[in-house]
Amino acid sequence: MLPTPVSMDITEFRKRGKEMVDYIADYFEQLEERQVYPDVEPGYLRPLIPDSAPQEPESFEDVLKDVERIIMPGVTHWHSPYFFAYFPTASSFPALLADVLSGGIGCIGFSWASSPACTELETVMLDWLGKMINLPEEFLAGKDGEGGGVIQGSASEATLITLLAARTKTIRRVQSENPELTAADIMSKLVAYASDQAHSSVERAGLIGGVKIKNIPSDDKFTVCGSALKKVLHEDRAAGLIPFFFCATLGTTPCCSFDRLLELGPICNKENIWMHIDAAYAGSAFICPEFRHLLNGVEHVKLSHEFENLVLQDKRFEICAEVTLGLVCFRLKGSNELNEALLKSINEARKIHLVPCHLREKFVLRFAICSRTVESVHIQFAWKHISELATELLNA
Ligand SMILES: Cc1ncc(COP(=O)(O)O)c(C=O)c1O
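So, here's what we can say about the structure. (Residues numbered from 1 in each chain as written. Predicted model: local features only at pLDDT ≥ 70, side-chain atom pairs only at ≥ 80, totals over all residues. Heavy atoms only, no water.)

A look at the site of the ligand
Inclusion rule: Near residues are defined by distance, with any heavy atom within 4 Å of the molecule or strand qualifying the residue. Two N or O atoms count as a polar contact when they lie within 3.5 Å, although within protein this holds only if one can serve as hydrogen donor and the other as acceptor, and sequence-adjacent residues are included solely when both atoms are side-chain atoms. Computed by Shrake-Rupley with a 1.4 Å probe, the accessible areas treat only the displayed protein chains as cover when residues are assessed. Under the scheme applied here, ten amino acids are nonpolar (Ala, Val, Leu, Ile, Met, Phe, Trp, Tyr, Cys and Pro), four are charged (Asp, Glu, Lys and Arg), and all others, including Gly, are polar.
All residues adjacent to the ligand are F87, S154, A155, S156, H199, S201, T249, G251, T253, D278 and A280. In the model, an oxygen atom of the ligand is placed 3.5 Å from a nitrogen or oxygen of the S154 side chain. The separation between an oxygen atom of the ligand and a polar main-chain atom of A155 is 2.9 Å. The protein chains hide 74% of the 400 Å² of surface that the ligand would expose on its own. By residue class, the composition of the shell around the ligand is three nonpolar, seven polar and one charged.

See the structure below:
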């Protein structure tokens, strides 16, 4: 027989809610002392928790103890000022409180009627965002609701949705001009494009969407320019293919390069190609200067130049791509094996955390300013640490 469930009543919820806020505040206050990258091995968690959901309830105190004992040792602390891997992820105190509120309201906004405030707030706030990044008027919903945006769960999802929308739009257009063609005939000829530096989610969108996807070669600044796209379009049209989608990237994952929209946009327009812009990381930087003070993170740029200067002063290292926002791509002058060994020793020391990328044939270390608590002192610490490990490696 199952035990009578013990649920948290409203009195306890008030008490525990306040304790949870304190727990999170303590977490942030002491985050710098936690090791940024965990020491655990794959499969560490399973032996520490029951095989199936417990029959007996536990006290809130015990649950929180388990968080410290079992969960925290396996957490990579993305908001640590020593986390320089991947890209920054959003976190702010107002956003945390908003998450609590939306969890409390707990509605599902799948249509206007299912919760009018959901749809209306989303529409208005996406207009705010559109205005902040200076999008043309037709991208905004405004009062007549002509344009407008919707929030997707991730950048990958946004690319997939737009690719599918572009696919449908193109199939309809081509069928209206050639009624004898089936959707399958057209699908087999559709081709989508993205930079050879685009995120893997673009290729995945092509696979899920059942269309060909081709890389456009980027130039020596890892940027796609108009002539590179034109060349491929010309070849593909001649081969009977139907170009329908181009994913431009503003802020590529490996090195934060920017495709040349001013050249690419008019080509896509002329060629009837849907241009999607993946600005997963760099999008927020397009907020107009007068709004910049509202942005958490853009000041992440000054610190990246500080790190870049430290790298440039050390003749053993090289910078591998232009530093525009908060990402510095750098490496030891020398072989890929040497740089792989440097990254290994950095991550094994667990003092800071970095991930690599490949730029053409080079193995490169990415130093991304991620946490909003990073200050110059953390940059100096990280560089001193990296250069000492490099010295050890080169003297070994
Ligand atoms: C340029 C770019 N696009 C897409 C993604 C994938 O983002 P998401 O995890 O939100 O799908 C990333 C992740 O780093 C990225 O850098």
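What follows continues from the structure just given.
Remarks on the sheet that holds strand β5 (residues 317-319)
Two modes of strand pairing occur in sheets, parallel and antiparallel, and in both the strands are linked by backbone hydrogen bonds. To keep things clear, this is the line we draw: Two strands are counted as paired when DSSP detects at least two bridges linking them. Helix and strand definitions here come from DSSP, where helices need a minimum of 4 consecutive H or I residues and strands a minimum of 2 consecutive E residues; each element is numbered from the N-terminal end. In this analysis, axes come from line fits to C-alpha atoms, helices being fitted only over the stretch in contact, and the angle between any two N-to-C directions falls in the range 0 to 180 degrees. Throughout, a contact is declared for two residues whenever any of their heavy atoms are within 4.5 Å.
Taken in spatial order, the four strands of this open sheet run β5-β6-β8-β7, and their pairing is antiparallel. A strand with exactly one partner marks an edge of an open sheet, and here the two such strands are β5 and β7 (355-359). Averaged over all pairs of adjacent strands, the angle between their axes in this sheet comes to 40°, without regard to strand direction. Relative to strand β8 (residues 362-368), β7 runs antiparallel, the two sharing five bridges. When the sheet's bridge partners are listed, P356 is paired in β8 with L365. Docked against the sheet, helix α12 (residues 376-395) engages β5, β6 (327-332) and β8, running at close to 20° with respect to β6.

Considerations on α12
One turn of an α-helix holds 3.6 residues; hence residues three or four places apart share an orientation. What counts here: By definition here, a helix of n residues has an expected span of 1.5 Å times n minus one. Remark: exposure states derive from per-residue accessible area (1.4 Å probe, protein chains only) relative to the maximum for the residue type, with buried under 20%, exposed over 50%, and partly exposed in between.
If you check α12, its first and last C-alpha atoms are 28 Å apart, about what 20 residues at 1.5 Å a residue would give, namely 28 Å. Residues of α12 that are buried: H378, I379, A382, W383, H385, I386, S387, L389 and A390.

Focus on the pairing of strand β3 (residues 242-249)
Counting buried positions over the eight residues of β3 gives eight, a clear majority of the element. Across five bridges, the pairing between strand β1 (residues 190-195) and β3 is parallel. For A194, the partnering residue across the bridge sits in β3 and is C247. Pairing analysis gives five bridges linking β3 to strand β4 (residues 274-278), with the strands arranged parallel. Paired with C247 across the strands is H276, a residue of β4.

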